[in-house]
Amino acid sequence: MAKKDTPELVAARAAARNTDSAPSQPAPPAAGAGDAPAQKAIDTQAMAAGMPANVNKALEYGAANAAVSPAGVTVAPPSRLPGASTLSEINDSDKTGSVVPEGLNAAIGTLDRVRVDSTGQVLTTNQGVPLADNQNSLKAGARGPALLEDFILREKITHFDHERIPERIVHARGSGAHGFFEAYEPLTKYTKAAPFKEAGKVTPVFVRFSTVAGERGSKDTARDVRGFAVKFYTDEGNWDLVGNNIPVFFIQDAMKFPDLVHAVKPEPHNQMPQAASAHDTFWDFVSLMPESTHMLMWQMSDRAIPRSYRMMQGFGVHTFRLVNEAGESFLVKFHWQPKLGTHSLVWEEAVKISGADPDFHRRDLWEAIEAGEYPEWELGLQIFTEEQAEQFSFDILDATKLIPEELVPVQIVGRMVLNRNPDNFFAETEQVAFCTAHIVPGLDFTNDPLLAGRIHSYVDTQISRLGGPNFHELPINAPIAQVHNNQRDGMHRQAINRGRVAYEPNSLAGGCPFQAGAAQGFMSVARRIDATESADKVRIKPEKFADHYTQARLFFESQTDVEKAHIGNAFRFELSKVTVPAIRQRVVASLLNAAPDLAQRVAQDLGMDLPAPLSKALETPAAPEVEASPALSLMARPGDGGIRTRKVAVLIDHGVEGASLQKLVSSLFAAGAIPRLIAARLGTYVGAGGEKFEADATMENSPGFLFDALVLPDGAKAVEALDADAHTLEFLRDQYWHCKTILAFGASEALLGEAQIPLTMPDGAVDPGLILVDAAGADEGIASFIAAMGAHRHFGRENDPPKV
């Protein structure tokens, strides 16, 4: 024993080296001199003693304290020792690193910390052991049996066997991208939410688009609702705006969601059809759920077959709340508006694309971003008060209803740009986990009964799909805001928490992490302004929820004649797939209450007698404020008329007239379009003037319906060769049937005759999408072609059925 070390000091130091008992009295301060364990015990005692009681406890009780949640009480530790899990943390290595900086969750950071680049690196096992041979399994002799001891083979095969995780129940088929949201102006009058605090504020986002009904390997172009989910990585935590490309939904209460999904999924006895609603069980269900009528109008419209994810709207569907610093609450609906305009496929085109390229939407999104043509949307908010909501003829808590823009205009507040494709589809797009419960201070929920179920369901399904409660620690899901909580353990835990405290309140960690309090933490809006509803426990819906047809009629009457015709076509096709006549009868009977003309047309097309209208749950609903809303038409948002990223097929063969072709390709590139030279086979083709053109696609691998427009070349020899290939006429007819723009140079006008393409519209008018030009008029013809492409389609040439 050193002279200065009294028995008391020695005992204190010895006690500090035990983990299951301690002296009755605190160690003397001198015991800590030069002795880390003793100093930790001394500092821990001092920190714990600094919190003799939970002084906030009394504030947890009584209605008067409900809105004054205080910040948690903390005590600053005398040193970093009390917070340490182990005193050995000072011993760093290449694996453990060093002591974590104070107040830092080192698991949170950019995805650079988990990216892998194998350039110049040797192949290894999962344990980092270099592989000498990755071509052969270990065998007993060149022709002998494989050996069980081959741990390299077993590791490789075992990992391969477990590479797939359970797919999402719905929204399994998806595509994603990184980007950012930029606020145009501060919205502090309405909300303290981080993304809207100041003009120009940029928040990173990850967006996932998806179909709903199909499995992960299904097609992109199915008639279906599209998911539009945005994860905002705000500096106050993650906010997930989990919506669709349609602003309403099939059902009003989450209790019915399993029934809806079971009905629309492949029928369980034969697992058919995949990614389609055109079958008995779906239409049986919705024909007995008249509240679905409004959503059915949207699903049977062209909204359900978008041209591109980049050309569709997104909606939050539910009514949410905005909350400002003063605690004032406003109601809000979220809208994403594509800068490229809202454009869709036509049904026959969608069907053909699904066979030629089931990845059509996924490829379109990826290629646009790779090309630097970054998709962009503006975020619009419909902001209104509870007093306004009470005056509406519908209930804003009903997810089968929308708010017409004539009642509450959409206020544009910012833009979202997607500018980075994922590095790895599985790690990012597949593992990303969205949840409507993920909100930040400044946002809150309403009493929407469908939203309430989603708040629970999304967390629950991610736990199952991603293998446990720590899915939030996967890199793509981790926030950029610091995470500090008392959650521990569970499957796939990645955070390594320092210290021994995992509860609150505590004194052994100085009270940390402590509750933020009402001043900076999330607080739910306490109550409605007018809390007159019954507080009884009931299973019932409000009376306004019973109006199932007014808004269905509003949507249908807001469509153009072309869109109305497409809705009728869709009902006809879907119901023709139903094998039970009684189900068709119920659907048509329900449509009679929303759109009698539509119902009559569908009945006629299905060869059935018109039934009596379905009985209504609410015979005399409130008079609607708006009878028609032009903003509900796809054609109300055509974009700027430009042709950026539009794909143009240019057919070629030997002997094409080269000057006009070169001029055309240059002009299309300058306008931002993507011209593809297409021939019977890949290779180099020589023009009439000796020019060389490289065909990078064929009519076989890139059929006409994959393109937005078509160019037929001049040059008698080339036209003759194209005419001899049956693909050419098929290519041309598809473009014409799908109402796309066609440019025919000189001699190629003969191909129009061969394909029986009329030179005028069915009514005899000039077809603005069919442009004929000779070599002398190339400049004017190319300009007209580009302008006509900006119209997207020329529906005036549509016939039902097609007559060409």
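Everything below is about the structure printed above this text.
A few points on the structure. Owing to the predicted nature of the structure, the values given are computational and were not obtained by experimental measurement.

1. Here we look at the overall build of the protein
Regarding its fold elements, the protein presents 20 helices and 18 strands. The principal-axis extent of the C-alpha atoms belonging to the protein is close to 110 × 80 × 55 Å. For the protein, the share of sequence-separated contacts (at least 6 apart) that also reach a separation of at least 24 residues comes to 73%. Total accessible area on the protein is roughly 37500 Å²; 55% of this is exposed by carbon and sulfur atoms.

2. What to know about empty space enclosed by the protein
Applying the stated criterion across every chain yields a total of nine cavities of 30 Å³ or more. Approximately 160 Å³ is the volume found for the largest cavity. Considering the residues around the largest cavity, the lining is formed by 20 residues, among which Pro 247, Phe 315, His 335, Leu 402 and Ile 403 are closest to the centre.

3. Describing the nonpolar core
Ranked by size, the top nonpolar core spans 53 residues in total, and within it Phe 250, Trp 283, Met 297, Phe 571 and Leu 598 carry the most contacts. Listing elements by their share of this core, those giving two or more residues are helix H4 (257–264), helix H5 (280–287), helix H6 (293–299), helix H12 (550–557), helix H13 (561–576), helix H14 (581–591) and helix H15 (596–605). In this structure Leu 598 touches Met 297, Phe 556, Ile 567, Gly 568, Phe 571 and Leu 591, once residues within four positions along its chain are discounted. With 37 residues, the next largest nonpolar core counts Leu 187, Phe 209, Val 413 and Met 416 among its residues.

4. Some thoughts on the packing of aromatic side chains
What characterises a pair of aromatic rings is the spacing of the ring centres plus the angle enclosed by the ring planes. Considering all chains together, one arrives at 24 aromatic pairs under this definition. Measuring from centroid to centroid gives 5.7 Å for Phe 181 and Phe 232, while their planes differ by 75°, and the two rings are edge-to-face. Of this pair, Phe 181 sits in strand S1 (residues 174–183) while Phe 232 sits in strand S3 (residues 226–234), and the two are 51 residues apart along the sequence. The pair Phe 181 / Phe 232 is uniform in exposure class, with both members buried. Here the aromatic rings of Phe 209 and Phe 228 are separated by 5.0 Å at their centres, their planes lie at 85°, and the arrangement is edge-to-face.

5. Details of the pairing of strand S2 (residues 202–211)
Burial of S2 is extensive: eight of the 10 residues sit out of reach of the surface. Both S1 and S2 contribute to a ladder of nine bridges, which runs antiparallel. For Phe 180, the partnering residue across the bridge sits in S2 and is Pro 204. Inspection of the sheet shows S2 paired to S3 by seven bridges, in the antiparallel sense. Directly across from Val 207, in S3, lies its bridge partner Val 230.

6. Describing H15
Every buried residue of H15 is listed here: Leu 598, Ala 599, Val 602 and Ala 603. One side of H15 holds all its buried residues, which, seen down the axis, span an arc of 130°. Residues of H15 that are exposed and point over 90 degrees away from its buried face: Asp 597 and Gln 604. Among the structural elements, H6, H12, H13 and H14 are those in contact with the buried residues of H15.

7. What to know about helix H8 (residues 360–370)
By the burial criterion, the buried members of H8 are Phe 360, His 361, Asp 364, Leu 365, Ala 368 and Ile 369. End-on, the buried residues of H8 take up no more than an arc of 155°, which puts them together on one face. Turning to H8, the residues buried within the fold contact S1, S2, S3, helix H7 (347–356) and strand S9 (411–420). Positioned one or two residues after H8, Gly 372 has a phi angle of 80°, which is positive.

8. Looking at the sheet that holds strand S17 (residues 741–745)
One open sheet holds the six strands; their spatial order is S15-S12-S11-S16-S17-S18, and the pairing between them is parallel. Both outer strands of the open sheet, strand S15 (697–698) and strand S18 (770–773), are each paired with one neighbouring strand and no more. Pairing of strand S16 (residues 709–712) with S17 involves four bridges; the strand directions are parallel. Bridge pairing in S17 places Val 711 opposite Leu 743. Docked against the sheet, helix H20 (residues 778–789) engages strand S11 (647–651), S16, S17 and S18, running at close to 170° with respect to S17.

9. Looking at the pattern of salt bridges
Evaluated as defined, the whole model comprises 44 salt bridges. The shortest N-O distance in the salt bridge between Arg 415 and Glu 182 comes to 2.9 Å. Here Arg 415 is found in strand S9, whereas its partner Glu 182 is found in strand S1, with 233 residues between them in sequence. Given a relative accessible area of 23%, Arg 415 falls into the partly exposed group. One salt bridge in this structure joins Asp 767 and Arg 797, with 3.0 Å as the shortest N-O distance. Here Asp 767, found in the loop between helix H19 (749–754) and S18, pairs with Arg 797, found in the segment after H20; they are 30 residues apart in sequence, far enough to count as distant. The buried category is assigned to Arg 797, whose relative accessible area is 3%. In the salt-bridge network here, residues are joined through shared partners; they are Arg 173, Asp 220, Asp 357, Asp 359 and Arg 363.

10. Details of the packing of H13 against H15
For the pair H13 and H15, interaxial distance at closest approach is 9 Å and the crossing angle is 40°. The angle between H13 and H15 falls in the class oblique. Taken as a pair, H13 and H15 cross one another with a handedness that is right-handed. Within the contact between the two elements, H13 uses Lys 564, Ala 565, Ile 567, Gly 568, Asn 569, Phe 571, Arg 572 and Leu 575 and H15 uses Leu 598, Arg 601, Val 602 and Asp 605. Grouping the amino acids of the contact of H13 with H15 by side-chain chemistry returns six nonpolar, two polar and four charged.

11. Let's talk about the environment of Asp 284
Locating Asp 284 in the fold gives a position in helix H5. The spatial distance from the C-alpha of Asp 284 to the C-alpha of Val 578 is 8.9 Å, given a sequence separation of 294 residues.

Definitions and limits used
Residues numbered from 1 in each chain as written. Predicted model: local features only at pLDDT ≥ 70, side-chain atom pairs only at ≥ 80, totals over all residues. Heavy atoms only, no water. Helix = DSSP H or I, 4+ residues; strand = E, 2+ residues; numbered from the N terminus. Contact = heavy atoms within 4.5 Å. Areas by Shrake-Rupley, 256 points an atom, 1.4 Å probe, with all protein chains shown as cover. 1 Å grid on protein atoms, 1.4 Å probe; cavity = no way out; pocket = protein on both sides within 12 Å on 5 of 7 lines; lining within 4 Å. Points joined across faces, edges and corners; volume = space filled by probe spheres on them. Core = buried A, V, L, I, M, F, W, Y, C linked by side-chain atoms within 4.5 Å. Buried < 20%, exposed > 50% of the residue type's maximum accessible area, 1.4 Å probe, protein only. Phe/Tyr/Trp six-rings, centres within 6.5 Å; stacked < 30°, edge-to-face > 60°. Pairing = 2+ DSSP bridges. Arc of directions from axis to C-beta. Axes fitted to C-alpha atoms, helices over the stretch in contact; angles between N-to-C directions. Salt bridge = Lys/Arg side-chain N within 4 Å of Asp/Glu carboxyl O. Parallel < 35°, antiparallel > 145°, perpendicular 65-115°, else oblique. Left-handed = near helix turned anticlockwise from the far one by under 90°. Nonpolar A, V, L, I, M, F, W, Y, C, P; charged D, E, K, R; others polar.

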